[in-house]
Amino acid sequence: MPDSTSRGSIAAAVDAVVPSALDDLRRLVAIPSIWADPAHAADTEASAAAVAELAGALGPESVQILRAAGGPTRPGAPAVVAHWPAPEGQPTVLLYAHHDVQPTGGDQNWTSPPFEATERDGRLYGRGAADDKAGVMTHLAVLRAYEGKPPVGVTLFVEGEEESGSPTLPALLREHHELLRADVIVIADAANPAVDVPALTTSLRGLVDLVIEVSMLERPAHSGVYGGPVGDALTALCHSLASLHDAKGEVAVAGLQQNGSEAPDQDEETFRSDVGLLDGVELLGTGTIPERVWHKPAIAVLGIDAPTVAQASNVLLPRARAMVSMRLAPGEDTLAARDKLAGHLRAHVPWGAHVEITPGGGVAEPFSLDARGGAYDAARRAFSEAFGNDAVETGIGGSIPFIAEFARTFPGAAVLVTGVGDPASRWHGIDESLDLGMFARGARAEAFLLDELRA
Ligand code: BES
Ligand code: MN
Ligand code: MN
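Residues numbered from 1 in each chain as written. Chains lettered and ligands numbered in written order. Predicted model: local features only at pLDDT ≥ 70, side-chain atom pairs only at ≥ 80, totals over all residues. Heavy atoms only, no water.

A. Looking closely at the coordination of the manganese ion (ligand 3). Every protein donor of the manganese ion (ligand 3) is accounted for by Asp131 (OD), Glu163 (OE), Glu163 (OE) and His428 (NE2), and the metal-donor separations fall at 2.0 to 2.6 Å. Here the manganese ion (ligand 3) binds six donor atoms, and the angle range of 54 to 152 degrees at the metal identifies the geometry as irregular. The motif formed by the donor residues of the manganese ion (ligand 3), counted along the single chain, is D-x31-E-x264-H. Separating the manganese ion (ligand 3) from the manganese ion (ligand 2) is a distance of 3.5 Å, and Asp131 supplies a donor atom to each of them. Taken as a pair, Asp131 in the loop between strand S5 (123-125) and helix H3 (133-145) and Glu163 in the loop between strand S6 (153-159) and helix H4 (169-175) lie far apart in primary sequence, 32 residues in all. Here the two residues Asp131 and Glu163 agree in accessibility, since each one is buried. (Donors = N, O, S within 2.8 Å, 3.2 Å for Na, K, Ca; no water. Tetrahedral: all angles 85-135°; square planar, octahedral: opposite > 155°, others 65-115°. Helix = DSSP H or I, 4+ residues; strand = E, 2+ residues; numbered from the N terminus. Buried < 20%, exposed > 50% of the residue type's maximum accessible area, 1.4 Å probe, protein only.)

See the structure below:
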């Protein structure tokens, strides 16, 4: 890297490494690191090893694969930590991303195989191409552009269990507190409102889930001989689930946090087409779209255990269960909200059916931040220069489970939530993808940011 004060030379250095970074992104996408599925534990190890190798080639003082001794059910996922010490008098920046990915939702449903990154029309398709191996490669591209000699101290931290709610991250933070200490934390795991408009994400929703099991009979019973006076457990479960929203589609669980939003309303047609809503299907709830997605709770039923239609026979079902997931507005008390959800479900199970509710392990606290201060101003300058448009402050409806914990652990650190996703990225969906122009702009933006953060 030549003269680090010259933006033009930084931009040129980033542009020069983007092709090799995209090649490495393809290699990472080829590894199905679905940590949440124990069958893919070895792949997640391989993915951590690949990230550690890429980082190790850039001359860090140290590179390690860490894992916490134990989560609730299994040891922690492998996290990669590499450290480039701060030049005298310079701050240290922690660059975060995650190398685990979501399941594919059926490989056969993809236009090209999910673990063979494929380029079409300026986008790279594959599971993790956006969420969040693009974040991993953004950081590595920046370090590569600086030839392993960034202008500030850098700690690269790439965890492997974000999609499972980062259950052992608090333990890692405790055990490696000094190694992970930083003045600024950059979380490259979010999105921008358009491919040429950079965002500083200032709020994220929280997330809780639970499993509700309803039982009514000791065993299946003939649906004609007994049906009528005797009900079935799936219908009872559905009554309870149906009570979660009111007639307008607003969440009906009492006492949850709801916030307004000053953000301008989003265009409904664009929003509908981004998500793929069918003609005539209504939006749920009230308020502007940003209010609903960023600042209000939302509830969805993610799965039901009951016979499939093909397995169905003429019996009254003795039991049925469902997994219910709830997004939480910033400011919400996570565990209290989960209790309110459980209480609501229990109170709405009809006919004296028995109910058992098991809280899920995946808990993400909501988070919001006040983007004022030197690090945020530095980010605004760096991002607008890289994208050619001013950075906008935005919320997101999704969750990043560890942020709140990180911010508590290092209260003096500024947290910058960035990323290279866009509304077409289809996170967690079929045909997930990354806009390649955005990837290059995102890498430039982060390289400029490190330069701006130089004391
Ligand atoms: N990167 C996403 C969150 C996200 C999605 C940010 C879209 C911006 C735009 C993250 O990997 C994620 O999916 N989080 C999970 C957390 C959960 C497993 C605790 C989520 O929101 O479902
Ligand atoms: Mn992510
Ligand atoms: Mn995700």
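B. View of helix H9 (residues 334-347). Compared with an ideal rise of 1.5 Å per residue, which puts 14 residues at 20 Å, H9 spans 20 Å between its outermost C-alpha atoms and is within 8% of the ideal. Buried within H9 are the following residues: Thr334, Ala337, Arg338, Leu341, Ala342, His344 and Leu345. Taken around the axis of H9, the buried residues stretch over an arc of 160 degrees, which confines them to a single face. Opposite the buried face of H9, by more than 90 degrees, sit the exposed residues Asp339 and Ala347. Tucked into the core, H9 has its buried residues touching strand S9 (206-215), helix H6 (233-242), strand S11 (298-305), strand S13 (319-328) and strand S14 (354-359). Two to three positions downstream of the cap, the backbone nitrogen of Leu335 sits 3.4 Å from a side-chain oxygen, assigning the N-cap of H9 to Asp333. (Expected span 1.5 Å × (residues − 1). Arc of directions from axis to C-beta. Contact = heavy atoms within 4.5 Å. Polar contact = N/O pair within 3.5 Å; in protein donor to acceptor, adjacent residues only side chain to side chain.)

C. View of helix H1 (residues 7-29). Given a rise of 1.5 Å per residue, 23 residues ought to cover 33 Å, and the 31 Å separating the end C-alpha atoms of H1 matches this to within 8%. The largest bend in H1 amounts to roughly 40 degrees and is located at Val18, with the proline Pro19 lying one to four residues further along. (Bend = angle between axes of the 7 residues up to and from the residue.)

D. Just the coordination of the manganese ion (ligand 2), in detail. Around the manganese ion (ligand 2), the protein supplies His98 (NE2), Asp131 (OD), Asp189 (OD) and Asp189 (OD) as donor atoms, at distances of 2.0 to 2.6 Å. Coordination geometry of the manganese ion (ligand 2): the six donor atoms subtend angles of 55 to 165 degrees at the metal centre, consistent with an arrangement described as irregular. Linear spacing of the donor residues for the manganese ion (ligand 2) on their chain is H-x32-D-x57-D.

E. Structural detail: the domain arrangement of the protein chain. When cut into domains, the protein chain gives domain 1 (4-204 + 366-452) and domain 2 (206-259 + 296-364). A straight line from the C-alpha centre of domain 1 to that of domain 2 covers 36 Å. With ten residues of domain 1 in contact, the opposing surface of domain 2 contributes eleven residues. Where domain 1 abuts domain 2, roughly 630 Å² becomes buried across the two surfaces, and 61% of that area is made up of carbon and sulfur atoms. Three residues stand out in domain 1 for area buried against domain 2, namely Pro366, Ser399 and Pro401, and they jointly supply 66% of the buried area on that side. Taken together, the links from domain 1 to domain 2 amount to zero salt bridges. Residue composition of the side of domain 1 that touches domain 2, grouped by class: four nonpolar, six polar and no charged. (Domains from an automatic or database assignment. Buried area = accessible area lost by both parts, 1.4 Å probe. Salt bridge = Lys/Arg side-chain N within 4 Å of Asp/Glu carboxyl O. Nonpolar A, V, L, I, M, F, W, Y, C, P; charged D, E, K, R; others polar.)

F. Representation of the pattern of salt bridges. In the structure shown here, the tally under the stated rule is 25 salt bridges. Glu250 is the salt-bridge partner of Lys296, the closest N and O atoms lying 3.1 Å from each other. Of the two residues, Lys296 is situated in the loop between helix H8 (289-295) and S11 and Glu250 in the loop between H6 and helix H7 (268-275); the sequence distance between them amounts to 46 residues. Notably, a salt bridge pairs Glu365 with Arg408, separated by 2.7 Å at the nearest N-O pair. A residue pair is termed long-range when its members are at least 10 positions apart, and Glu365 in the loop between S14 and strand S15 (367-368) and Arg408 in helix H11 (residues 403-409) qualify at 43 residues. Owing to a relative accessible area of 29%, Glu365 belongs among the partly exposed residues under this scheme. Accessibility expressed as a relative area gives 47% for Arg408, which makes it partly exposed. Where salt bridges share partners, they join Arg7, Arg381, Glu385, Asp451, Glu452 and Arg454 into one cluster.

G. Spotlight on the site of ligand 1. Of all residues adjacent to ligand 1, which total 16 residues, the nearest are Glu162, Asp189, Arg327, Ser399 and His428. The contact in question runs from an oxygen atom of ligand 1 to an N or O atom on the side chain of His98, over 3.1 Å. Glu162 is positioned with one of its side-chain polar atoms (N or O) 2.7 Å from an oxygen atom of ligand 1. Out of a free accessible area of 530 Å², ligand 1 has 90% covered by protein chains. Looking at the shell around ligand 1 residue by residue, the classes come out as six nonpolar, five polar and five charged. (Near = heavy atom within 4 Å. Areas by Shrake-Rupley, 256 points an atom, 1.4 Å probe, with all protein chains shown as cover.)

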